[in-house]
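Below, each chain spelled out in residue letters.
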Amino acid sequence: MLTGLSHLLPKVEAEGLDEAEVYRREGLYRPQEAPRIRAGVIQCPICGTNALRFLPFGLRGRRNACCPGCGSVERHRFLWLYLRRRTDLFRGRYRVLHTAPEPCLEDRLRHLPNLRYLTVDRFSPFADRREDLTDLPFPHGSFDVVLTSHVLEHIPDDRAALAQLARILRPGGWAIVMVPFDPRLPVSPEGAGIRSPAERMARFGHPYHYRIYGLDLVDRLAGAGFEVRHVASRAFLSAHQRRRFRINDNHLFHCVRR
Ligand SMILES: [Zn+2]
């Protein structure tokens, strides 16, 4: 996904490559063709692939990161295990909004008969609806569940997006929020005012990321109307499980609409 970004950056600057084209060339929307898999002890909890090793992923080619079966990376597998073990998403009758849906998750959630499942994305031709999270057209309280992973950092006015997500969730509904998060940062370094994609790349690791989140994310979520539970992969999973499923130091925020 991110491996081609350094290569793309000169084009972003020189050719005025727009945001949608950057996402398209990252290959965000569909997994690549799966390579041959040698069986082993690493297991993907999403698709069940057992592999000797997973594929490298990310700017520095993080080893054993990407499932060769479904294309999931660590955060997708963490989210999947959390949804499986701590929610009744796979049994309850829910109206679900999934933003910028990851194909490895969408392919499975869309077919669950207990869900009314809708995807939105600003650019992807594969999403059910192309919408801007800061200006959603859905009525108040029209969803029970929102899944939004690694989206808010792409939005200059993320508080406006959070206000919309809180608005379209019914009271008691819940959202799982994941973002680039560093618990060592008390305050999120803000880049909404940075106009240069190259500068955002240097500061936040992506030409269209506007921040990395720190601990004040919890206040932002609470300010939008959520009760927030921070779940760290190291607390949620044993060391053995993290090795088996290849899940790194990762974080999610389980947010219940007040
Ligand atoms: Zn998989």
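Data block above holds the structure.
Since we're looking at a predicted model, the values are computed, not measured. (Residues numbered from 1 in each chain as written. Predicted model: local features only at pLDDT ≥ 70, side-chain atom pairs only at ≥ 80, totals over all residues. Heavy atoms only, no water.)

Caption draft 1: Up close: the coordination of the zinc ion. Coordination of the zinc ion by the protein involves Cys 44 (SG), Cys 47 (SG), Cys 67 (SG) and Cys 70 (SG), with metal-donor separations of 2.3 Å. In this structure, the zinc ion is coordinated by four donor atoms arranged in tetrahedral fashion, with angles at the metal of 101 to 115 degrees. Of note, the donors binding the zinc ion are all from one chain and are spaced C-x2-C-x19-C-x2-C. Linking Cys 47 in the loop between β1 (42-43) and β2 (50-51) with Cys 67 in the loop between β4 (62-66) and α3 (74-86), this pair joins segments that are 20 residues apart in sequence. Judged by its relative accessible area of 26%, Cys 47 is partly exposed. Using a relative accessible area of 2% as the deciding quantity, one classes Cys 67 as buried. (Donors = N, O, S within 2.8 Å, 3.2 Å for Na, K, Ca; no water. Tetrahedral: all angles 85-135°; square planar, octahedral: opposite > 155°, others 65-115°. Helix = DSSP H or I, 4+ residues; strand = E, 2+ residues; numbered from the N terminus. Buried < 20%, exposed > 50% of the residue type's maximum accessible area, 1.4 Å probe, protein only.)

Caption draft 2: Representation of the side chain of Asn 64 in the model. Of note, Asn 64 is situated in strand β4. Here Phe 54 takes part through its backbone nitrogen, which lies 2.7 Å from a polar atom of the side chain of Asn 64. (Polar contact = N/O pair within 3.5 Å; in protein donor to acceptor, adjacent residues only side chain to side chain.)

Caption draft 3: Summary view of the packing of aromatic side chains. In this structure the tally under the stated criterion is eight aromatic pairs. Geometrically, the ring pair formed by Trp 80 and Phe 90 is edge-to-face, given 5.1 Å between the ring centres and 75 degrees between the ring planes. Residue Trp 80 is located in helix α3, and its partner Phe 90 is located in the loop between α3 and β5 (94-99); the two are separated by ten residues in the primary sequence. Taking the relative accessible area as the measure of exposure, Trp 80 reaches 5% and is therefore buried. Note on Phe 90: relative accessible area 13%, which makes it buried. When the ring of Tyr 82 is compared with that of Phe 236, the centres are 5.5 Å apart and the planes differ by 55 degrees; the resulting orientation is tilted. Highlighted residues: Tyr 82 in helix α3 and Phe 236 in helix α8 (residues 233-236), separated in sequence by 154 residues. For Tyr 82, a relative accessible area of 1% corresponds to the buried category. For Phe 236, a relative accessible area of 12% corresponds to the buried category. (Phe/Tyr/Trp six-rings, centres within 6.5 Å; stacked < 30°, edge-to-face > 60°.)

Caption draft 4: Spotlight on the pattern of salt bridges. Counting across every chain of the model gives 15 salt bridges. Across the salt bridge formed by Glu 131 and Arg 129, the nearest N and O atoms sit 3.1 Å from each other. Of the residues examined, Glu 131 reaches a relative accessible area of 17% and is grouped as buried. With a relative accessible area of 33%, Arg 129 lands in the partly exposed category. (Salt bridge = Lys/Arg side-chain N within 4 Å of Asp/Glu carboxyl O.)

Interpretation note: all reported values are geometric properties and have no functional meaning in isolation.
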